Amino acid sequence: MREYLESDTGFYYAVGVFTILVFILALAVLAMVTPGGIGATELGGLVVGFFLFMLVFFVSVTVHRLEGRNEL
């Protein structure tokens, strides 16, 4: 596990997974704190926006990994 996290790509993937976990935790806290709960429109907007952000993040990590292969 340590060897995986010492590489740049492994670290970026770990940061991405951590970010997803923090987002899920934040949604859970928001659902508990908000008196009326989270509306479907708000939840949909948050999830779709976050999904697009994470998609771009993981695509850029994959491109970074592929660039490293071409240099060898």
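These numbers come from a predicted model, not from an experiment.

Criteria and thresholds
Residues numbered from 1 in each chain as written. Predicted model: local features only at pLDDT ≥ 70, side-chain atom pairs only at ≥ 80, totals over all residues. Heavy atoms only, no water. Helix = DSSP H or I, 4+ residues; strand = E, 2+ residues; numbered from the N terminus. Buried < 20%, exposed > 50% of the residue type's maximum accessible area, 1.4 Å probe, protein only. Contact = heavy atoms within 4.5 Å. Patch = residues over 30% accessible without salt bridge, like charges linked within 9 Å, V, L, I, M, F, W, Y side chains within 5 Å. Areas by Shrake-Rupley, 256 points an atom, 1.4 Å probe, with all protein chains shown as cover. Salt bridge = Lys/Arg side-chain N within 4 Å of Asp/Glu carboxyl O. Expected span 1.5 Å × (residues − 1). pLDDT = per-residue confidence, 0-100. Phe/Tyr/Trp six-rings, centres within 6.5 Å; stacked < 30°, edge-to-face > 60°.

### Some words on the overall build of the protein
Line of reasoning, step 1. Secondary structure assignment for the protein yields 3 helices and 0 strands.
Line of reasoning, step 2. Along the protein, from the amino end to the carboxyl end, the secondary structure elements read α-α-α.
Line of reasoning, step 3. Here the protein, with 72 residues, has 11% of them falling under the buried criterion.
Line of reasoning, step 4. Considering only contacts in the protein between residues 6 or more positions apart, those separated by 24 or more positions represent 62%.

### A look at a nonpolar patch on the surface
Line of reasoning, step 1. Judged by side-chain polarity, V48, F51, L52, L55, V59 and V63 come together as a nonpolar surface patch covering roughly 540 Å² of accessible area.
Line of reasoning, step 2. Here V59 shows up in helix α3 (residues 40-71).

### With respect to helix α2 (residues 8-33)
Line of reasoning, step 1. Taking 1.5 Å of rise per residue, the 26 residues of α2 would be expected to cover 38 Å, and the 37 Å separating its terminal C-alpha atoms lies within 8% of that figure.
Line of reasoning, step 2. Those residues of α2 lying buried are T9, G10, G16, F23 and L27.

### Re the environment of G16
Line of reasoning, step 1. Residue placement: G16 occurs in helix α2.
Line of reasoning, step 2. Linking G16 and F57, residues 41 residues apart in sequence, is a C-alpha distance of 7.6 Å.
Line of reasoning, step 3. Apart from the residues lying within four places of it in its own chain, the contact partners of G16 are M54, F57 and F58.

### Section: the confidence of the model for the protein
Line of reasoning, step 1. Across the protein, pLDDT averages 84, with 89% of residues at or above 70.
Line of reasoning, step 2. Across the protein, element-level confidence peaks in α2 with a mean pLDDT of 88 and bottoms out in helix α1 (residues 2-6) with 67.

### Looking at the packing of aromatic side chains
Line of reasoning, step 1. On inspection of all chains with the given rule, the structure shows 5 aromatic pairs.
Line of reasoning, step 2. Ring centres of Y13 and F58 lie 5.7 Å apart, and the angle between their planes is 20°; on these two criteria the pair is classed as stacked. Of the two residues, Y13 sits in helix α2 while F58 sits in helix α3, which places them 45 residues apart along the sequence.
Line of reasoning, step 3. Among the residues examined, F58 registers a relative accessible area of 22% and is labelled partly exposed.

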